[in-house]
Structures are given as structure tokens and as C-alpha cells.
There are 2 protein chains.
Amino acid sequence: MIRIMIADDHQLFAEGLSQALNSLPDARVVGVVNSGPALEQALKTQPAEISIVDIEMPGGDGITTIDALGMRTRAIVVSMYASDEQKERAARAGARGFFSKAVPLTTLAAAVRAVADGKNLTELSDEERDQVLETYREAQLDPGAASLTAREREILQLLAIGVSATDELADRLYISQKTVKNHLASIFQKLAVSDRTQAAIEAIRLGIARPS
Amino acid sequence: MIRIMIADDHQLFAEGLSQALNSLPDARVVGVVNSGPALEQALKTQPAEISIVDIEMPGGDGITTIDALGMRTRAIVVSMYASDEQKERAARAGARGFFSKAVPLTTLAAAVRAVADGKNLTELSDEERDQVLETYREAQLDPGAASLTAREREILQLLAIGVSATDELADRLYISQKTVKNHLASIFQKLAVSDRTQAAIEAIRLGIARPS
DNA sequence: GAGTCATTGGGTCTTGCGACCCATCATCGG
DNA sequence: CCGATGATGGGTCGCAAGACCCAATGACTC
């Protein structure tokens, strides 16, 4: 699980990004602050592998903040108006990634994974960087969730939309109730849960099923 | 259910906001686009009560777009650098609300509800507007969910984080298993569900419990 | 061809769950 | 002061759910 801290003075952006990143199965936003100094403060009590920092913030811009953070966290800079000059400065200050706010969420998610894995995206050429990001596009699912079979996923999807009774599941899938229970048993084992309620919650959390 | 369309050229912002608004129990984002013309196009096939429009977009700014939208949707403008002059122009073009991207999500959520309910926030003084927003801070919960008691909510919150077994719930709340079952029975009735799995899903959907 | 695995299904057994009945006590509003 | 409601319990009953064994088939790999 990658722990993320977000620093951005535009609260709407910060909160939205927080929600979005939290929906990833392999990341968790542990803090949202709105200034550089607040980020330094927050990281003292709450460690985070990754910090996403807006470069345009009032009261000491993001650059000086990143410099001050040093080794405590790895910073990814996001900017409204991404310029090469900004990128240069961010890289020199120690940022591991630099992105415009115009990039899709999936790109930032890939960057978070790449940087958490030790990559420094600012050292790479644009082509190299895109190539690296490509390899990190897929979330590393929980070891359990990754090994779910197609049928098991199907059952989880139904579970997550409220089809919880064994007989209903059996009807929907045109199989016997016994088979449903067998599938559920393996799902429980793989997800390390003990009943279908917990399985449904896990399914929603892992993004296996869209929560309606 | 309030249907929302988001138009913003900063995709990271748009997607994040989409996730955040989707987590509200009474709203649903039905489309995310990155330009004014794309918004007009999208609204032709997918109706939405509310459109959240960035005023700073390349290729014809948000203002002209709002003008063109007319009666099809009610626009709420968000801006990076909120100025009085921008606010004026937005109001004249027909926007029903105007907010800086620095406002908290809860404020925008309240504004969405207020505008969907027919209010025009741009016509109000700052004090009046804040007063109106205050009355819309709470989501209008489902008729069933609204009548849940404090204790029932508490049980739902635990359910939604995976505390599903009766004895565990009883332990956490320091009450007998029988009382837990009694509370669950009334929850099922109020939410019109038939078991704790469906109740947990409803709880997550209604925003009664934060999905961890 | 042997082996692995997904999918289907069987049986049995214990426990948990949900439906239904009930009572007690405190709090709060009329 | 009294009725309503919420929170706490009790009991019973039938069925569902989950844990544990197992087997047959088909597909795919080595």
C-alpha cells in the first residue's frame, strides 16, 4: 500500500485528487494540506512514501518545500502551467516526477507507482518516461485478488451490487447453489475474508465491481 | 439524484472532482469533458441538471459556452483565479454559481444541491449565499436512511468497514448480540434490504460510512 | 500423455443469521 | 403526566451460510 500526502492550496483540486487516488486499490491518501509548511509539519507525524505537491502555492512555492523535505518523502510535482523552466527547477530541488494538471488520472497513478518503486522520472527523457509509466499502469492487485478467476470475479460483481443470497446468485449464473458456495469459499480464501459481506466490501474497494 | 457534467481542460482536476462528487449519495457525474464545445455536444445525448464549468479553457472560454448552453443545464463556474470581474461576466452569461477552486468540496457540493433546487447563487450577496449554502450542506438522504437512529448508523459504519459478524459487532459496541440483531432488523427494514451484505453496500453508497 | 487448474457438482455438519414474538427503562415532547 | 421513541435485552424457530470432505469434466501446458 502506497501512502500519499497531497499539498495544494486549491482545496477542491486536492480533495478531488484525494478521492480519486483513494479509489486505487494499491494507494491510500493519508493527508491533504494546503501549503508547503503544512506538508512538512504533516509528514513529521504521518509518514508517506509519496507527496504530490502543487508548484504554485502562496507563501513559499512548492520548490523550496521539496528542497526542505529531503529524504522523508518522494515528491511528485503537479503544475497548472507546466513549463520546461519549472520542470528544471523541480528536478534540481529533488522532485521525482513533474506533471501538468492536464494529464489523465491514470498517468499520475502510474507515476505514483513508479516513483514509489524507486524510479526518478525527472531524470528520464520524455520517451523513456512514457515507457516506464506504461509498465506501471496496472495496479499491483492484492496478491489474493490477482489470482481470482473469471467466474469468481463475476460472482464478486454480483455480490457488490447487492445480489447476496446464494439462490439468487445461482439463478443469475445458471449454476447450482452448491457451485456458488464453492466459488464463494475460494473467494473468501483468496481475499482473506470470512463472509460475503466482507467480500462485497473488498470487491468495491479493489475496484473489481463498480459500486452502482 | 442530481446528474452532473464536468467541463475542465485540466483532466486531473476533472477526474478527481468527478470521483469526489460521485461519492456523494445524492449526486452522480454523468460525463467529464475537456472543452466548451465538447460540453455542448455531450449534453445533447446525456442530460444533466448541473454542469460544472472551468472558466479558463482553451478554445473559447467557459463564458461563451455557458451562454450557448442556455436552458439545457444549470452552470456552476469554477475558476483558478477568481476575480470579481470574472464573476460578473459569468453571472451575465447565465451561470448560477461561481466558485474559486480553493473552496472545500463540501461547499461545492452544497452549491450543486442549491442550484439543482432552483437557487441562483450569483444573484445573492456573499452573506446570503453562505446562508443558503449552509442549508444545503447535508445531503438529502433516502427517505429510509434519513430515519436511521444514531446507534443504527454506528452499526452501519462498522458493517461497511468489514465488521460483519454479530459477535464482533456486539464486542465493539459493548452490547449483547441480541441487541445487535435487533438493530440490524430495523436497519434492514428502513433501508429495504434483506441482509447485512446489502446493508453494507447501501451504507457505502449512501455515504453513511466512508469506504475506509 | 501427464499434470494443472477452472468449473461444475455432490454430501454432511455446525453455526450463524434473520423473522417473529416479547419486556424494561430512560428520555423527550406535548 | 403520559405516550412515543430509542436502546437495551430475552426467547424460539427455520433456513441459510460457511467449513470440511470429495469427484467429474474440459481446457490448456509441458
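Computed from a predicted structure; not experimentally measured. (Residues numbered from 1 in each chain as written. Chains lettered and ligands numbered in written order. Predicted model: local features only at pLDDT ≥ 70, side-chain atom pairs only at ≥ 80, totals over all residues. Heavy atoms only, no water.)

Where do I start with the environment of serine 79 of chain A in this structure?
Residue and element names in this part refer to chain A. If you trace the backbone, serine 79 turns up in strand 4 (residues 74–79). Using a relative accessible area of 0% as the deciding quantity, one classes serine 79 as buried. Along the sequence, serine 79 and isoleucine 55 sit 24 residues apart, while their C-alpha atoms lie 5.6 Å from each other. There is a polar contact of 3.0 Å between the side chain of serine 79 and the side chain of glutamate 56. (Helix = DSSP H or I, 4+ residues; strand = E, 2+ residues; numbered from the N terminus. Buried < 20%, exposed > 50% of the residue type's maximum accessible area, 1.4 Å probe, protein only. Polar contact = N/O pair within 3.5 Å; in protein donor to acceptor, adjacent residues only side chain to side chain.)

How should the environment of leucine 173 of chain A be read in this particular structure?
Residue and element names in this part refer to chain A. Structurally, leucine 173 can be placed in helix 9 (residues 166–173). The sequence separation of leucine 173 and alanine 114 amounts to 59 residues, and the corresponding C-alpha distance is 39 Å. With residues near it in sequence (within four places) discarded, leucine 173 still touches Arg151, Glu154, Ile155 and Leu158. (Contact = heavy atoms within 4.5 Å.)

Before we go on, may I ask you to explain the pattern of salt bridges in this structure?
A pair can form between side chains of opposite charge whenever their charged atoms are brought close. Enumeration according to the criterion identifies 23 salt bridges over all chains in this entry. Between lysine 101 of chain A and aspartate 54 of chain A there is a salt bridge whose closest N-O contact spans 3.3 Å. Of the two residues, lysine 101 of chain A is situated in the loop between strand 5 (97–100) and helix 5 (105–116) and aspartate 54 of chain A in strand 3 (residues 50–54); the sequence distance between them amounts to 47 residues. Accessibility expressed as a relative area gives 2% for lysine 101 of chain A, which makes it buried. Between arginine 137 of chain B and glutamate 134 of chain B there is a salt bridge whose closest N-O contact spans 3.3 Å. A single salt-bridge network, built from bridges that share partners, covers Lys87, Asp126, Arg129 and Asp130 of chain A. (Salt bridge = Lys/Arg side-chain N within 4 Å of Asp/Glu carboxyl O.)

What is the right way to read empty space enclosed by the protein from this model?
Summary: where empty space remains is shown by rolling a probe the size of a single water molecule over the atoms. All names here are of chain B. Counted under the stated rule, the structure contains one cavity of 30 Å³ or more. Considered as a void within the structure, the largest cavity measures approximately 30 Å³ in volume. As for the largest cavity, its lining consists of Lys87, Gly97, Phe98, Leu121, Thr122 and Arg129. (1 Å grid on protein atoms, 1.4 Å probe; cavity = no way out; pocket = protein on both sides within 12 Å on 5 of 7 lines; lining within 4 Å. Points joined across faces, edges and corners; volume = space filled by probe spheres on them.)

How do you make sense of the protein's contact with DNA strand C when you look at a structure like this?
Every one of the 16 residues lining DNA strand C counts as a neighbour, but Thr149, Ser176 and Asn182 of chain A together with Thr166 and Arg196 of chain B are closest to it. Backbone atoms, meaning sugar plus phosphate, form 65% of the atoms of DNA strand C positioned within 4 Å of the protein. Between asparagine 182 of chain A and DNA strand C, the recorded distance is 2.7 Å, taken from a side-chain N or O atom to a base nitrogen. With respect to DNA strand C, the side chain of arginine 196 of chain B contributes an N or O atom lying 2.4 Å from a phosphate oxygen. Those elements giving two or more residues to the surface near DNA strand C turn out to be helix 8 (150–160) and helix 10 (177–191) of chain A together with helix 10 (177–191) of chain B. When residues in the surface near DNA strand C are grouped by element, the largest group, four residues, is from helix 10 of chain A. A breakdown of the residues in the surface near DNA strand C according to their chemical character gives four nonpolar, seven polar and five charged. (Near = heavy atom within 4 Å. Nonpolar A, V, L, I, M, F, W, Y, C, P; charged D, E, K, R; others polar.)

Teacher, can you tell me more about the packing of helix 8 of chain A against helix 11 (residues 196–206) of chain A here?
When two helices pack together, their arrangement is given by the angle between their axes and by how far apart the axes lie. All names here are of chain A. Put simply, helix 8 and helix 11 touch, their axes get as near as 9 Å, and they point 95 degrees apart. Relative to helix 11, helix 8 is oriented roughly perpendicular. When helix 8 is examined against helix 11, the residues Leu156, Leu159 and Ala160 are found in contact with a partner set consisting of Arg196, Ala199, Ala200, Ala203 and Ile204. (Axes fitted to C-alpha atoms, helices over the stretch in contact; angles between N-to-C directions. Parallel < 35°, antiparallel > 145°, perpendicular 65-115°, else oblique.)

How should the relation of the copies chain B and chain A be read in this particular structure?
Relating one copy of the chain to the other takes a rotation about an axis and a shift parallel to that axis. Take chain B, turn it by 180 degrees, move it 0.5 Å along the axis, and it overlays chain A with an RMSD of 1.1 Å. Here the symmetry operator amounts to a two-fold rotation axis. (Least-squares fit on C-alpha atoms with pLDDT ≥ 70 in both.)

Could you clarify how one ought to interpret the sheet that holds strand 5 of chain A in this entry?
Consider a sheet: its strands pair through backbone hydrogen bonds, and that pairing is either parallel or antiparallel. Residue and element names in this part refer to chain A. The strand order 2-1-3-4-5 describes an open sheet built from five strands, whose pairing is parallel. Edge strands, defined here as strands with exactly one partner in the open sheet, are strand 2 (27–33) and strand 5. Along the sheet, successive strands turn relative to each other by an average axial angle of 25 degrees, direction set aside. Sitting on the sheet, helix 2 (residues 36–45) is in contact with strand 1 (2–7), strand 2 and strand 3, with an inclination near 150 degrees to strand 1. (Pairing = 2+ DSSP bridges.)

Is there a simple way to explain the protein's contact with DNA strand D in this structure?
Neighbouring residues of DNA strand D: 16 residues in total, closest Thr166 and Arg196 of chain A together with Thr149, Arg151 and Thr179 of chain B. Considering DNA strand D, the proportion of its atoms within 4 Å of the protein that are sugar or phosphate atoms stands at 61%. Within the side chain of lysine 181 of chain A, one N or O atom sits 3.1 Å away from a base nitrogen of DNA strand D. Between DNA strand D and asparagine 182 of chain B, the relevant distance is 2.7 Å, taken from a base nitrogen to a side-chain nitrogen or oxygen of the residue. Elements represented by at least two residues in the surface near DNA strand D include exactly helix 10 of chain A together with helix 8 (150–160) and helix 10 of chain B. Among the elements that line the surface near DNA strand D, the one with the most residues is helix 10 of chain B, at four residues. Its residues placed into classes, the surface near DNA strand D shows four nonpolar, seven polar and five charged.

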